[in-house]
Every structure is written in structure tokens, then in C-alpha cells.
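Inside the fold
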Amino acid sequence: MNESKKITHDKVPNFIRSIILEDLEMGKNEGRVHTRFPPEPNGYLHIGHAKAICLNFGLAEEFGGLCNLRFDDTNPIKEEEAYIRAIQEDVKWLGFDWEDRLYYASDYFDQMADYAVQLIRAGKAYVDDMSSDEIREYRGTLKEPGKESLYRNRSVKENMDLFERMRAGEFRDGSRVLRAKIDMASGNLNMRDPVMYRILHAKHHRTGEKWCIYPLYDWAHGLEDSIESITHSICTLEFEDHRPLYDWFLDQLNIFHPQQIEFARLNLSFTVMSKRRLLELVRKKVVRGWDDPRMPTISGLRRRGYTPQSIRDFCERIGVAKRDSVVDMALLEHCVRNDLNQNAPRVMGVLHPLRVVIKNYPEEQVEEFDAPYFPDDPPRMGSRKVPFSREIYIEQADFQENPSKKYFRLAPSREVRLRWAYYVKCIHVVKDDKTGEIVEIHCTYDPETKGGWAPDGRKVKGTIHWVSASHALEAEVHLYDHLFAVSDPDNAEGETDWMSHLNPHSLEILKSCMVEPSLARAEPGNHYQFERQGYFCVDPDSSAEKLVFNRTVSLRDSWVKIEKANQGK
RNA sequence: UGGGGCGUCGUCAAGCGGAAAGACACAGGGUUUUGGACCCUGCAUUCGGAGGUUCGAAUCCUCCCGCCCCAGCCA
């Protein structure tokens with residue numbers, strides 16, 4: 001294997017690394033680098049989150065710093081305990097460790113309320129009795145300034161009283177809010193007296209019934225980072241114009257001031273990446289769940305057979321910048337192939353079986369061949385025994401009655417090599433009388449070619465995989481394709497909505513595939529290369545009684561190009 | 001004449017005044033008991049456009065054009 005192709009390669013320079021390097025040189029934060037990954041537990045993590053995770057944990061690791069895992073659980077009506085567990089599993093699976101630094105925004109609710117009181121005392125926050133509709137109306141528009149609320153100039157004493165009573169549960173949901181008193185004429189809408197607390201009589205998954213007011217993200221997030229002494233608060237682009245607000249809160253409170261840095265979120269071709277949309281796919285049962293192998297979720301990719309290493313490699317390769325972009329799915333596929341090529345043992349499996357009878361092979365005879373798991377490096381994992389007998393299955397696509405141009409697999413009178421076994425030659429084609437469909441092929445084998453070499457030195461153009469009919473294990477194989485038929489479903493042509501671009505062929509279930517007997521020992525999560533076909537992973541639902549494999553990704557196939565060229569002529 | 005960002009190969013992306021890295025994709029060729037892997041080769045005289053500064057600009061200045069985000073008591 002070539003060294004340069006190995007997954008560990010030099011880090012790609014990016015602007016965030018530059019900023020940190022600069023900060024370190026200037027002695028900022030006493031040389032500390034402390035980041036965090038702050039998901040809201042309202043859905044499963046996807047590959048876009050993986051980018052953020054790799055960035056935050058990666059930067060901390062690179063600069064000898066720390067990275068926290070913090071659940072941003074400020075909205076109890078959208079968040080669930082189940083998501084918290086799934087998120088932790090995904091981060092761990094990717095190979096990152098938050099050690100003892102697992103935090104929750106809800107742990108800081110008391111502190112946040114104290115800070116709010118400080119702002120009220122300083123005349124920087126007020127309780128507003130207007131309805132949400134009125135508040136929206138008073139906020140103004142993008143081009144016109146807003147108007148000040150009727151309640152903006154209440155006394156500190158009244159604000160204190162009202163806020164305490166909000167907190168005590170005296171008011172109904174939505175009847176009042178606490179707002180920061182900033183500038184209703186600001187060009188930045190975030191500065192037009194943003195809401196800090198809403199009244200929500202909802203049970204929180206961690207604090208239970210303790211609170212009936214909950215902080216909003218804009219008020220809470222900067223505080224969470226400050227409380228944890230985060231030095232570099234890395235987030236996505238859409239929060240860029242919230243930064244002045246976070247800065248304002250931190251300055252008013254005069255507390256530790258993390259530096260926020262924004263980067264462009266990941267978009268991938270042929271899929272969607274927003275949690276809202278992924279949730280919709282799950283709810284409408286377009287997919288079988290968050291971990292459906294077609295989903296760009298971490299759990300979906302895991303079930304599909306992607307490895308943590310391949311995802312981390314991908315995240316390193318795509319780089320980090322500020323411009324909106326859509327990364328080609330082919331790059332992600334390249335990353336798994338690269339990893340699995342080096343790490344997946346080779347086995348044989350026939351997806352679309354075609355029976356072959358070797359007429360001159362003794363009826364009851366069975367031979368066993370040693371087939372290395374890593375043909376390019378035989379000692380690596382040793383080999384397994386592959387039984388061979390008179391009747392075998394080969395791939396339907398490996399036989400053509402009228403071979404097309406440059407086709408060099410089996411065809412009438414043609415000879416090919418059965419991998420690890422013998423040369424066989426096709427002598428007869430058996431067809432169904434009614435349909436004309438090819439049902440069986442008759443061949444002869446050359447006993448002199450055992451192992452795959454002919455003593456007379458004659459060459460054969462094709463080598464095909466096979467499996468002994470009487471020894472084969474039946475298996476179900478799931479083939480996957482892009483979830484969407486267009487590369488950018490969010491911005492596809494026409495007025496149709498994104499769901500209309502779903503790929504109807506994203507899942508194909510093959511029920512009677514035949515795989516070699518060594519796979520009886522395959523366990524869920526195991527990766528294999530089915531030679532000449534692709535990389536496959538044992539599904540969690542697979543069992544000894546019913547083997548189920550997911551195709552992670554096919555092998556690159558230069559034959560399809562030739563085929564297309566042939567058809568073009 | 002609201003505010004905030006961004007525009008370098010088909011797709012990502014380095015570059016930070018000394019003269020276009022790399023990866024994926026694509027196209028050729030070699031090699032091969034996986035039409036896989038591996039190995040070569042090719043692939044932006046040009047950096048959204050126009051001016052300007054400079055011996056010298058993708059990098060600095062000016063203007064223009066295009067794209068993205070913001071009017072949740074979501075995050």
C-alpha cells in the first residue's frame with residue numbers, strides 16, 4: 001500500500017487554525033484552547049455534525065486543549081432523553097472522548113437567572129406584556145426600524161417583581177417575556193430588544209417541574225460558553241450576526257468572553273442535511289428510521305457500513321472555510337473505499353445467482369481451496385476454506401450469450417478462471433422453453449488448472465467469483481443508492497418541493513443471494529469486500545438463521561463505462 | 001443608502017504582494033488470479049467583472065456584478 005494513500009495525512013490548513021495559532025502566539029487565554037460541541041438533543045447527529053465534532057475535538061487535541069460535550073437543552077418541548085443517548089453513542093463511535101466534561105445547559109439555569117436579575121437591576125432588561133404578534137409587529141422589518149414596546153420603560157422594581165412572578169409560575173404561557181433593552185432601531189434585528197426568557201409550563205427532561213420559564217438560545221448560548229471558559233466558540237455561519245448580541249450580554253455582565261468563530265456548514269450532494277427535513281423523512285416513513293442506511297446521519301452511515309476512520313478522513317479532506325458549498329458525495333464514497341480497501345477481508349458472494357453445472361466434475365466430489373482474506377497481503381489474516389463442487393453459482397452478469405465488445409467473462413465456448421479454483425469453459429446454455437430465459441450453464445473444467453494457473457501457460461482474460469451451490473448460505477442483501485435523484489434537492493429546478501426529488505430506487509432488496517459458507521460466522525457490524533462487487537456490512541438485524549448484508553458502496557467499476565460506450569454505438 | 005457574510009478548476013480547497021498546492025471527479029496509458037487495488041500522464045497563462053496602486057496583484061485600493069443568512073416567545 002502506498003504511504004501517501006494512507007488515511008493519516010497532513011492537516012489541511014484552515015482559517016480557524018490560523019486564528020488559534022495567532023491567539024497562542026499572543027498569549028491569549030494563558031495559552032489555553034478549550035472548545036465544545038453543543039448539540040441540541042432534538043434529533044440525531046448527521047455528517048454535518050461530524051464535521052463540527054471533528055473540528056472541535058480535533059482542534060482541542062491538536063493544541064493540547066480540551067473539548068466539552070454539552071447538550072443545549074433549553075427547549076423542553078422539542079428535546080428528548082433518547083436523543084441524548086444516541087448523540088453520546090455517535091460521538092463516542094466517531095472516536096472522541098469528552099472524559100468527565102459532559103455538561104447540560106440546564107445545569108446553568110440558576111446561574112442564568114441570576115445573570116438576568118443583574119441585567120434587570122442595571123436597567124438593561126425588562127418584562128414585556130405584549131403578545132408575540134405585537135412583538136413581531138413592533139420589531140419592524142429588514143429595512144425599517146422597530147418601535148419601542150409600551151412596557152419598555154418599567155421601573156427596575158416592577159421588572160424585578162414581574163420577573164420573580166414569571167419564575168414563580170403566576171402567569172400563563174406566552175403572556176409575558178423578559179427582554180434585553182438594547183436598540184429597536186438597530187440594522188441588526190438581533191439587537192432589537194431580543195427575548196431572553198419565555199414562559200413555558202413544560203416538564204424538562206432533566207430539571208423536571210422546577211422551571212416554568214426557559215432561556216432562549218441567544219441569551220443562553222454565550223453564557224454557557226462563558227461559564228465553561230470556552231476559548232474558541234466555533235459555530236456555523238448563520239450565527240454570525242448574533243455575535244454582536246452575545247458580545248453585548250457578556251460585556252454587560254462583565255464575564256469571561258469566549259471568541260466566536262463561524263464556518264460554513266456541510267452540504268452533501270444527493271441528500272438533505274437539515275434536522276427538520278431528516279425528521280420529516282423519519283416521520284413520514286420515507287426511510288425506516290434515523291439509522292436507515294440511506295440517511296446521512298451518523299447512525300445511518302454506521303449501519304450502512306461507513307467506518308469512523310473514513311468519516312474523520314472525509315471531514316479532514318473537505319476543509320473548513322466560510323463559503324457555502326456542496327461537497328460531492330463521491331468524495332465520501334472515496335473515503336470509505338479507501339479505508340475498507342485496506343481493512344475489509346475479501347470473501348465471495350453471488351448477488352444474482354446463475355447455476356453452473358461442471359459436467360466433467362465428479363458428482364459427489366468436494367474440494368476445499370484456501371483463499372486468503374487479503375490477496376494482496378496473504379499473511380495478514382490468513383485464509384479460509386472455500387468448498388468447490390460440481391454445481392456452483394456465478395453472477396448472472398458474468399455470462400453473456402452474445403458477448404459484447406471487450407467483454408471478457410464467460411460466454412459460449414469461452415474459458416474463464418473461477419477465483420481460487422479452476423478454469424472452466426462454457427459448453428452449453430440451458431434456457432426456459434417458454435420465456436427463453438437462461439436458467440443454467442453447462443461447463444467443463446480443466447483439472448490441470450487447480451488453483452487458477454494453467455501448466456501450459458495459457459491465459460484467460462476473466463476471473464469471476466462463485467460459490468458452491470450445495471454449500472452456499474442464502475442471504476438477503478440490501479443495495480443502496482442516493483436518497484435523492486438530484487444533486488441538490490433543496491434547490492432543484494421547478495416549483496416542486498424537495499420530497500418530490502426522492503430517488504425511487506434508493507433501496508433494492510435482494511432476497512436470495514448466495515454467499516460462501518465462511519460467512520456463517522459473520523457478526524453484525526463486520527465489514528467485507530465481496531470480491532468484484534463492493535463493500536458490505538452485516539446488518540444489526542442479521543442472524544445465523546437469516547443473514548442480512550448492507551452494501552456500503554460498490555467497487556469502482558470501469559466495465560460500466562465500457563458498457564455504456566458499447567450501448568452508445 | 002437595513003445589517004452581516006461569501007465569490008480561486010466540474011466539486012471541495014490552499015494561497016495573506018514575487019508571480020495558481022492538493023484532493024475528489026474526469027480522460028488516457030501501465031500493471032493485475034478482484035474490469036478492484038496499485039503506478040504513470042493530462043486537466044485554471046488564470047483567480048466574479050472593470051478600473052487603479054506597484055518593477056510585480058488571486059493577494060492592496062475603488063466601483064460594479066452575483067450568491068447566502070437575518071423580521072421564532074426555535075436552535
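Our subject in this report is the structure included herewith.

With that settled, the discussion passes to the overall build of chain A. Across its full length, chain A carries 13 helices and 25 strands. Its C-alpha atoms put chain A at 100 × 55 × 45 Å along the principal axes. Across chain A, contacts joining residues at least 24 apart in sequence account for 71% of those joining residues at least 6 apart. Counting only carbon and sulfur atoms, one obtains 47% of the accessible surface of chain A, whose full area is about 26900 Å². Between the mean site of the 80 positive side-chain charges and the mean site of the 92 negative ones, chain A shows a separation of 3 Å.

All right, on to helix α2 (residues 47-62) then. Look at α2: 21 Å from first C-alpha to last across 16 residues, which is about the 22 Å you get at 1.5 Å a residue. Summarising burial for α2: 14 of the 16 residues are buried, a large majority. Glycine 64, located one to two residues past α2, shows a positive phi value of around 65 degrees.

Mapped onto the elements, isoleucine 311 comes out in helix α11 (residues 308-318). On the accessibility criterion, isoleucine 311 (0% relative accessible area) is buried. When the C-alpha positions of isoleucine 311 and isoleucine 394 are compared, they lie 34 Å apart, and in sequence the two are 83 residues distant. The contacts of isoleucine 311, once residues within four sequence positions are left out, are Ile47, Ala50, Trp93, Leu94, Leu301 and Tyr306.

Here we take up the pairing of strand β6 (residues 195-199). With respect to burial, β6 is a largely interior element, four of its five residues being buried. Bridging between strand β5 (residues 177-180) and β6 involves three bridges; their strand directions are antiparallel. Within β6, the position partnered with leucine 178 by the bridge is tyrosine 197. Where β6 lies against strand β7 (residues 213-215), three bridges are found, and the strand directions are antiparallel. Across the sheet, residue arginine 198 finds its bridge partner in β7, namely tyrosine 214.

Before going further, it helps to examine the packing of aromatic side chains. Per the counting criterion, the structure on display carries 24 aromatic pairs. Ring geometry for phenylalanine 530 versus phenylalanine 549: centroids 5.2 Å apart, planes at 70 degrees, classification edge-to-face. In this pair, phenylalanine 530 is assigned in strand β23 (residues 527-530) and phenylalanine 549 in strand β25 (residues 547-554), connecting sequence segments 19 residues apart. With a relative accessible area of 0%, phenylalanine 530 lands in the buried category.

Attention now moves to helix α9 (residues 275-283). Counting along an α-helix, one turn takes 3.6 residues, and residues three or four places apart therefore face a common direction. Counting buried residues in α9 gives seven out of nine residues, a clear majority hidden from the surface. All buried positions along α9 are accounted for by Lys275, Arg277, Leu278, Leu279, Glu280, Leu281 and Val282. Looking at the buried residues of α9, the elements they touch are α2. Looking one or two residues past α9, lysine 285 carries a phi angle of roughly 60 degrees, positive in sign.

Turning our eyes to something else, we now look at the sheet that holds strand β4 (residues 125-128). Across the sheet, which stays open at both edges, the four strands sit in the order β4-β5-β6-β7 with antiparallel pairing between neighbours. Edge positions in the open sheet fall to β4 and β7, since each of these has one partner strand only. Geometrically, the sheet is characterised by an average inter-axis angle of 20 degrees between neighbouring strands, direction not taken into account. Sitting on the sheet, helix α6 (residues 156-168) touches β4, β5, β6 and β7, and the angle it makes with β4 is about 60 degrees.

Bridging between strand β10 (residues 346-347) and β23 involves two bridges; their strand directions are parallel. Within β23, the residue paired with valine 347 across the bridge is phenylalanine 530. As judged from the four bridges shared by β23 and strand β24 (residues 534-538), these two strands associate in the antiparallel manner. Counterpart to histidine 527 in the pairing with β24 is cysteine 537. With antiparallel pairing between neighbouring strands as the criterion, β23 and β24 make up a hairpin whose turn holds three residues, including arginine 532 at a positive phi of roughly 70 degrees.

What counts and what doesn't
The numbers attached to residues start from 1 for each chain and follow its sequence in the written order. Ligands are numbered from 1 and chains lettered from A, in the order in which they are written. The predicted origin of the model limits local features to residues at a pLDDT of at least 70 and limits the giving and counting of side-chain atom pairs to 80 or more, whereas totals for whole chains, interfaces and linings rest on all residues. Hydrogen atoms and water are omitted, and side-chain values are computed over all heavy atoms in the structure. Every helix listed is a DSSP run of H or I at least four residues long, and every strand listed is a run of E at least two residues long, numbered separately from the N terminus. Contacts: residue pairs with any heavy atoms within 4.5 Å of one another. We get accessible surface area from the Shrake-Rupley algorithm with a probe of 1.4 Å; when it comes to residues, only the shown protein chains can shield them. In this tally, Lys and Arg are treated as positive and Asp and Glu as negative; His is ignored, and so are the chain termini. Lys charges are placed at NZ, Arg charges at CZ, Asp charges at CG and Glu charges at CD. A helix is expected to reach a length of 1.5 Å times the quantity of its residues less one. Only protein chains enter the accessibility calculation, which uses a 1.4 Å probe; a residue is then buried when its area is under 20% of its type maximum, exposed when over 50%, and partly exposed in between. What makes two strands pair is DSSP finding at least two bridges between them. Note on aromatic pairs: the rings of Phe, Tyr and Trp (six-membered ring only in Trp) are paired at centre separations within 6.5 Å, and the planes decide the class, stacked below 30 degrees, edge-to-face beyond 60, tilted for the rest. Simply put, an axis is a line fit to the C-alpha atoms, just over the touching stretch for a helix, and the angle between two N-to-C directions goes from 0 to 180 degrees.

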